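# Examination of the molecular architecture
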Amino acid sequence: MHFDPREQAALREVGLDTDDLRAASDLVSDAVESDAESIEQFFGDGGTFYSDMEMAHSASDVQEHTVDHVDTYTHGAELRGYLKFDSWGVPIEGGRILSEDVVELTLGPTVEGRVKFAHDPDDL
């Protein structure tokens, strides 16, 4: 179960028992796995994507990227992985589906921030 002790105590206080907590924990894990699958489908076999990533030496609010692939894995409520561009890559430390046209990833070292990606720059 991935609820910390404070969360478990609060959930018990509103009337959930251990079986309820376990069921809720399983639902969260299932949702995270579904998001990971959706993110992998969104990036598919790679190609050109656009983002709102802040990049040094760029005056544009929208960046164009060639994505090679994305690889995700989950553990409980954690979604992690790696996003590989054509010439560099960055760890993924979280992500969510904003719409069928836009995903938001929390990127790790070298970026350290939440970044939206889309197939079409107008969707950002």
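To keep things clear, this report deals only with the structure shown in the data block.

Calculation rules
Residues numbered from 1 in each chain as written. Predicted model: local features only at pLDDT ≥ 70, side-chain atom pairs only at ≥ 80, totals over all residues. Heavy atoms only, no water. Helix = DSSP H or I, 4+ residues; strand = E, 2+ residues; numbered from the N terminus. Buried < 20%, exposed > 50% of the residue type's maximum accessible area, 1.4 Å probe, protein only. Contact = heavy atoms within 4.5 Å. Areas by Shrake-Rupley, 256 points an atom, 1.4 Å probe, with all protein chains shown as cover. Lys, Arg positive; Asp, Glu negative; His and termini not counted. Charge placed at Lys NZ, Arg CZ, Asp CG, Glu CD. Pairing = 2+ DSSP bridges. Axes fitted to C-alpha atoms, helices over the stretch in contact; angles between N-to-C directions. Core = buried A, V, L, I, M, F, W, Y, C linked by side-chain atoms within 4.5 Å. Expected span 1.5 Å × (residues − 1). Polar contact = N/O pair within 3.5 Å; in protein donor to acceptor, adjacent residues only side chain to side chain.

### What to know about the overall build of the protein
Summing up its helical and strand segments, the protein has 2 helices and 6 strands in all. Reading the protein from its N terminus to its C terminus gives the helix and strand order α-α-β-β-β-β-β-β. The C-alpha extent of the protein, read off along each of the three principal axes, is 50 × 25 × 25 Å. Buried residues in the protein amount to 30% of all 124 residues. In the protein, once contacts between residues fewer than 6 apart in sequence are set aside, the share between residues at least 24 apart is 35%. When the accessible surface of the protein is split by element, carbon and sulfur atoms take 45% of a total near 7700 Å². Charged side chains in the protein number 8 positive and 29 negative. The centres of these two groups are separated by 9 Å.

### Some words on the sheet that holds strand 6 (residues 113-118)
The antiparallel closed barrel is built from 6 strands, whose spatial order is 1-2-3-4-5-6. Taken pair by pair, the neighbouring strands of this sheet meet at an average axis angle of 50°, ignoring direction. Sheet contacts for helix 2 (residues 18-43): strand 1 (47-51), strand 2 (63-75), strand 3 (78-85), strand 4 (89-97), strand 5 (102-107) and strand 6; angle to strand 2, the most-contacted strand, approximately 155°.

### Overview of the environment of proline 121
One can find proline 121 in the segment after strand 6. The exposure class assigned to proline 121 is partly exposed, which follows from its relative accessible area of 33%. Placed 59 residues apart in sequence, proline 121 and valine 62 show a C-alpha to C-alpha distance of 6.9 Å. Each residue touching proline 121, except ones within four places of it in the same chain, is listed here: Tyr50 and Val62.

### So, the nonpolar core
Formed by 19 residues in total, the largest nonpolar core has its most connected members in Phe43, Leu83, Phe85, Ile92, Leu105, Leu107 and Phe117. Mapped by element, the contributors of at least two residues to this core are helix 2, strand 2, strand 3, strand 4, strand 5 and strand 6. In contact with phenylalanine 43, other than residues within four places in its own chain, are Phe49, Val67, Val70, Leu83, Val103, Leu105 and Phe117.

### Focus on helix 2
Relative to the 38 Å expected for 26 residues at 1.5 Å per residue, helix 2 spans 38 Å between its end C-alpha atoms, a close match to the ideal helical length. All buried positions along helix 2 are accounted for by Leu21, Ser25, Ser29, Val32, Ala36, Ile39, Phe42 and Phe43. Of the residues that open helix 2, the one with a side-chain oxygen 3.1 Å from the backbone nitrogen of aspartate 19 is aspartate 17. Looking one or two residues past helix 2, glycine 44 carries a phi angle of roughly 45°, positive in sign.

### What about helix 1 (residues 5-13)?
Its side-chain oxygen at 3.0 Å from the backbone nitrogen of arginine 6, aspartate 4 defines the N-terminal cap of helix 1. Positive phi shows up at glycine 15, right after helix 1, with a value of about 110°.

### Description of the pairing of strand 5
Strand 5 sits mainly inside the fold: 6 of its 6 residues count as buried. Two strands pair when backbone bridges link them, and strand 4 and strand 5 are joined in this way by 5 bridges, in the antiparallel orientation. Paired with glycine 94 across the bridge in strand 5 is threonine 106. The turn linking strand 4 back onto strand 5 is made up of 4 residues. Sheet analysis places strand 5 next to strand 6, joined by 6 bridges and oriented antiparallel.

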